[in-house]
Amino acid sequence: VQLQASGGGLVQAGGSLRLSCAASGRTFSTRATGWFRQVPGKEREFVAGIIWRGTSTLYADSVKGRFTISRDNAKSTVYLQMNSLKPEDTAVYYCAADTTSYSIKYNPSQYDYWGQGTQVTVSS
């Protein structure tokens, strides 16, 4: 499975961005997709996740109510709609695929494939 993340950029506080994670290759093996973010000197942290069966989603408390994760099965793409952005949302955002189970995991080490990351910068 290959993942291509895109959609990052520079936005003012209160603005919105939509990230995309397009999968190719053995996409049928994907069970769940997660979005993570990382700033220099800190560990990669879970942002949101979605499973590829049913409607289950999960969000970090810090983004709940502001971010929405969704998927387009036909396009093998997962989106992260980010609204009401804050300067503390500034990070490199990564998408990841889990091919082992239909459950959303917080631990990045439990994901099998990763996209290259896309930078999100929120100015105050």
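Criteria and thresholds
Counting starts from 1 at the beginning of each chain's written sequence and moves along it residue by residue. Note on the predicted model: pLDDT of at least 70 is required for a residue's local features to be given, and 80 or more for side-chain atom pairs to be given and counted; whole-chain, interface and lining totals, by contrast, use all residues. In computing side-chain properties, one takes all heavy atoms of the structure into account and sets aside hydrogens as well as water. Only DSSP runs of H or I with at least four residues qualify as helices, and only runs of E with at least two residues qualify as strands; both kinds are numbered from the N terminus onward. Our radius of gyration looks at C-alpha atoms and nothing else; its globule reference is 2.2 Å times the residue count to the power 0.38. In this analysis, two residues are considered to be in contact whenever any of their non-hydrogen atoms come within 4.5 Å of each other. We treat Lys and Arg as the positive residues and Asp and Glu as the negative residues; His and chain ends play no part in the count. Charge coordinates come from a single atom per side chain, which is NZ of Lys, CZ of Arg, CG of Asp or CD of Glu. The rule for a salt bridge is simple: a side-chain nitrogen of Lys or Arg has to be within 4 Å of a carboxyl oxygen of Asp or Glu. Burial classification: accessible surface area is computed with a 1.4 Å probe over protein chains only, and a residue below 20% of its type maximum counts as buried, one above 50% as exposed, and the rest as partly exposed. Pairing between two strands requires that DSSP report at least two bridges joining them. Every angle, taken between N-to-C directions, lies between 0 and 180 degrees, and every axis is a line fitted to C-alpha atoms, over only the stretch in contact when it is a helix. Within 3.5 Å is the distance limit for a polar contact, defined as a pair of N or O atoms, with the added protein rule that one can donate a hydrogen and the other accept it, and that residues adjacent in sequence qualify only through two side-chain atoms. Cysteine sulfur atoms that pair up within 2.5 Å are treated as a disulfide.

> Describe the overall build of the protein chain, with residues and values.
For the protein chain, the helix and strand inventory stands at zero helices and 11 strands. Order of helices (α) and strands (β) in the protein chain, N terminus to C terminus: β-β-β-β-β-β-β-β-β-β-β. For 124 residues, the compact-globule estimate of 2.2 N^0.38 gives 14 Å, and the protein chain sits close to it at 13 Å. Expressed along its principal axes, the backbone C-alpha trace of the protein chain runs to roughly 40 × 30 × 25 Å. In the protein chain, 57% of the contacts between residues at least 6 apart in sequence involve partners at least 24 apart. Here the protein chain contributes 13 positively and 8 negatively charged side chains, and the mean placements of these two sets differ by 6 Å.

> Summarise the pattern of salt bridges; cite the residues concerned and give the values.
The tally for this structure, following the rule as stated, stands at five salt bridges. Among the ionic pairs, lysine 64 bridges to aspartate 61, the shortest N-O distance being 3.0 Å. We classify aspartate 61 as exposed; its relative accessible area is 66%. When the shortest N-O distance is used, the salt bridge between arginine 66 and aspartate 89 registers 2.8 Å. Taken as a pair, arginine 66 in the loop between strand E6 (57-59) and strand E7 (67-72) and aspartate 89 in the loop between strand E8 (77-82) and strand E9 (91-98) lie far apart in primary sequence, 23 residues in all. The same class applies to arginine 66 and to aspartate 89, which are both buried. Salt bridges sharing partners connect three or more residues here, namely Arg37, Glu45, Arg66 and Asp89.

> For the sheet that holds strand E3 (residues 17-24), give the residues involved together with the corresponding values.
Strand order across the open sheet formed by four strands is E1-E3-E8-E7, with antiparallel pairing between neighbours. The open sheet terminates on both sides in strands that have one partner only, identified here as strand E1 (2-6) and E7. Between one strand axis and the next, the sheet turns through 15° on average, direction left out of account. Here E3 pairs with E8 via six bridges, running antiparallel. Paired with cysteine 21 across the two strands is valine 78, which belongs to E8.

> Describe the side chain of aspartate 98, with residues and values.
Among the secondary structure elements, aspartate 98 is positioned in strand E9. Of the polar contacts made by the side chain of aspartate 98, one reaches the side chain of threonine 100; its length is 2.6 Å. Apart from the residues within four sequence positions on either side, aspartate 98 is in contact with Ser29, Thr30, Arg31, Ala32, Ser103, Lys105, Gln110, Tyr111 and Asp112.

> Quick rundown of the state of the cysteines? Include the residues and the values.
This structure, assessed with the given rule, holds one disulfide. Between the sulfur atoms of cysteine 21 and its disulfide partner cysteine 95 the distance amounts to 2.2 Å. Handedness here is read from the sign of the S-S torsion; for cysteine 21 and cysteine 95, about 75°, the answer is right-handed. Linking cysteine 21 in strand E3 with cysteine 95 in strand E9, this pair joins segments that are 74 residues apart in sequence.

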